[in-house]
Amino acid sequence: MEGPSPFSVVFEKEPAMNSLFSPVRIGGLELSNRLVMAPMTRSRADAGGVPGGLAAEYYAQRAGVGLIVTEGTQPSDDGQGYMTTPGIYTPAHVAGWRKVTDAVHGKGGHIFIQLMHAGRMSHPDNTPHHRQGVAPSAIAPDTPIFTPKGMQDIPQPRSLATDDVRRTVADFRDAARHAIAAGADGVEIHGANGYLVQQFIAPSANTRTDAYGGSIENRARFAIEVATAIAGEIGADRTAIRLSPGITMWGIDEGAEGPDLYRHLVGELDKLSLAYLHIMHQGDERLLADLRRLWRGKLIVNRPGRPRDRIGSDVAAGLADLEAYGQMILANPDFIARLKSGALLNEADRTTFFGGTARGYTDYPALDAIAAV
Ligand SMILES: Cc1cc2nc3c(=O)[nH]c(=O)nc-3n(C[C@H](O)[C@H](O)[C@H](O)COP(=O)(O)O)c2cc1C
């Protein structure tokens, strides 16, 4: 054969990367390696939010990573933001997810379902009930969102009354119970990327005057209550949370107090002994180092766009216990085998990220398929 083969070793394997191939314990699970599939919305559930057979195939193809974190999954009908995202609050949802978790476990993998309440990042045209989105305060994020009619501005959300906030915490708790009933190994609370939990954290989205707004303690309260409720329901060893300190997308501005809020929040979460903390990290290295010190449990770090030659560096440095990757795993079902052999990686196709069929979902080639051709 002429030219470079897909099996050619393109770089000398870094010792840093090798640190990823040792087992690690997360809650009650023994993971075979320290690579995590980052949560990625793929918008391929049915109109009722039930994940189908293709989702089972997609996740099972990627079960070689130590841990899969699923796409964001709404804990209630109000929690949905985007079109055809899955839910975990009806018996049909539980049955759909059961097929996914069985398929992943059948391949020896482990899977946490990400519980994502979109809050104000929603549009009535995207949800089955067509209601206005809900949020800590009636402040629109000032950004358009993709809907069945194309991009549309997000309307002003309805502010949750204090009782509604308590109901929303209970929705998270119930969804976690359903996730376990569906065979998930645990749940990851989506506290990142500008969705409901982070809307409570950011003063730009939260101008409340009750116990959930104002001071650092009050703005962190919702996240802590959700984590506490879920841990009480399914066990702390099956409960995890994802945070993205300092991100500024979708009208989120945490202000000058942001880093101190996270120091408080992570210190409080640490007391719960959760399965892990997952940080989507952009920028503030000093804060990340502080959070590492405040968090005595397992830490997953995801650095968006991290180049291949930096894979393993956070684990090797002792900063993280595991590293999460999104697009590389989306595009490479056999990511672990490719890393170990130094093979080239498939490129992710952005045009098939959200919605659609098997194309760009379950048809990314694995090395053995290429070899067979
Ligand atoms: C298609 C797509 C969908 C995503 N959906 C989610 C999601 O549902 N929940 C979440 O926490 N992050 C989501 N993310 C962010 C990823 O988890 C990850 O943080 C991001 O892709 C950066 O990591 P990477 O450079 O390794 O891909 C999504 C990213 C992509 C590309």
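Since this is a predicted model, take the numbers as computed values, not measurements. (Residues numbered from 1 in each chain as written. Predicted model: local features only at pLDDT ≥ 70, side-chain atom pairs only at ≥ 80, totals over all residues.)

With that settled, the discussion passes to the overall build of the protein. A tally of regular secondary structure across the protein gives 12 helices and 14 strands. For a compact globule of 373 residues, the expected C-alpha radius of gyration is about 21 Å, and the protein comes in at 20 Å, within 12% of that figure. The C-alpha extent of the protein, read off along each of the three principal axes, is 70 × 45 × 35 Å. Put simply, the protein has 373 residues, and 50% of those count as buried. (Helix = DSSP H or I, 4+ residues; strand = E, 2+ residues; numbered from the N terminus. Rg over C-alpha atoms; globule rule 2.2 N^0.38 Å. Buried ≥ 20, exposed ≤ 12 C-beta atoms within 10 Å, placed from the backbone.)

In terms of nonpolar packing, the biggest core is built from 98 residues, with V36 and Y59 touching the most fellow members. Per-element tally for this core: the top contributor is helix 6 (residues 216–234), with eight residues. Residues in contact with V36, not counting those within four places in the same chain, are V65, G66, L67, V69, I300, L322, E323 and A324. (Core = buried A, V, L, I, M, F, W, Y, C linked by C-beta atoms within 7 Å. Contact = placed C-beta atoms within 7 Å.)

This next bit is on the packing of helix 6 against helix 7 (residues 258–270). Running from N to C, helix 6 and helix 7 point in directions that differ by 35 degrees, and their axes come no closer than 10 Å. As helix 6 runs across helix 7, the sense of the crossing is right-handed. Residues I216, E217, R219, A220, A223, I224 and A227 of helix 6 form the contact with helix 7, whose participating residues are D260, L261, H264, L265, E268 and L269. (Axes fitted to C-alpha atoms, helices over the stretch in contact; angles between N-to-C directions. Left-handed = near helix turned anticlockwise from the far one by under 90°.)

For the rest of this paragraph, the subject is helix 4 (residues 162–181). Taking 1.5 Å of rise per residue, the 20 residues of helix 4 would be expected to cover 28 Å, and the 29 Å separating its terminal C-alpha atoms lies within 8% of that figure. Along helix 4, the residues that are buried comprise V165, T168, V169, D171, F172, R173, A175, A176, H178 and A179. For helix 4, the secondary structure elements touched by its buried residues are helix 3 (91–106), strand 5 (111–115), strand 10 (186–191) and helix 6. The first or second residue beyond helix 4 is G183, which carries a positive phi of 95 degrees. (Expected span 1.5 Å × (residues − 1).)

We now examine the sheet that holds strand 13 (residues 298–302). Read once around its circumference, the closed barrel built from eight strands follows the order 3-4-5-10-11-12-13-14, with strand pairing classed as parallel. Across the sheet, the axes of successive neighbouring strands diverge by a mean angle of 25 degrees, strand direction being ignored. Direction of pairing for strand 5 relative to strand 10: parallel, over a ladder of four bridges. Among the inter-strand pairings, F112 is bridged to a residue of strand 10, identified as G186. (Pairing = 2+ DSSP bridges.)

UniProt's feature table lists "domain: NADH:flavin oxidoreductase/NADH oxidase N-terminal" (unreviewed entry) at residues 19–343, given in the numbering used throughout. Spanning residues 19–343, this segment combines 34% helix with 18% strand, and its end C-alpha atoms are found 18 Å apart. (UniProt positions renumbered as here; feature names shortened; annotations may be inferred.)

Okay, the packing of helix 4 against helix 6 next. Angle between the axes and distance between the axes are the two parameters that describe a pair of packed helices. Interhelical geometry of helix 4 versus helix 6 gives an angle of 35 degrees and a closest axis separation of 9 Å. The interaxial crossing formed by helix 4 with helix 6 has right-handed handedness. Of the residues in helix 6, those touching helix 4 at V165, V169, F172, R173, A176, R177 and I180 are F222, E225, V226, A229, I230, E233 and I234. Its residues assigned to classes, the contact of helix 4 with helix 6 comprises 10 nonpolar, no polar and four charged. (Nonpolar A, V, L, I, M, F, W, Y, C, P; charged D, E, K, R; others polar.)

Attention now moves to unusual backbone geometry. Residues other than glycine seldom take positive phi values, yet W250 does so here, at roughly 55 degrees. Unusually for a residue other than glycine, S273 sits at a positive phi of about 55 degrees. With respect to the helices and strands, S273 occurs in the loop between helix 7 and strand 12 (276–280). On the basis of neighbour count, S273 is assigned to the partly exposed category, with 14 C-beta atoms found within 10 Å.

Our next topic: the environment of L265. Structurally, the position occupied by L265 is in helix 7. The class for L265 is buried, based on 25 C-beta atoms found within 10 Å. Those residues in contact with L265, other than ones at most four positions away along the chain, are A220, A223 and I224.

Moving on to the confidence of the model for the protein. The share of residues in the protein with pLDDT of 70 or more is 95%, and the mean pLDDT across the chain is 94. Least confident of the elements in the protein is helix 12 (residues 367–372), whose mean pLDDT is 72; most confident is strand 5, at 99. Below a pLDDT of 50 lies the segment residues 1–12, which in the model reaches 12 contacts outside its immediate sequence neighbourhood of four places, other chains included. (pLDDT = per-residue confidence, 0-100.)

With that settled, consider the pairing of strand 14 (residues 322–325). Along any regular strand, the residues point their side chains to alternate faces of the sheet. Residues L322 and A324 line one face of strand 14 and the alternating positions E323 and Y325 line the opposite face, and both faces are buried. Looking at chain direction, strand 3 (residues 35–37) and strand 14 are connected through three bridges and run parallel. Across the sheet, the residue bridging to M37 is Y325, located in strand 14.

Note that an α-helix has 3.6 residues per turn; residues three or four places apart therefore point the same way. Taking 1.5 Å per residue, 13 residues should reach 18 Å; helix 7 reaches 18 Å between its end C-alpha atoms and fits that length. Three or more residues of helix 7 are buried, namely G258, L261, Y262, L265, V266 and L269. Along the axis of helix 7, the buried residues cluster in a sector spanning 125 degrees; they form a single face. Buried residues belonging to helix 7 abut helix 5 (196–201), helix 6, strand 11 (239–243), strand 12 and helix 8 (285–294). (Arc of directions from axis to C-beta.)

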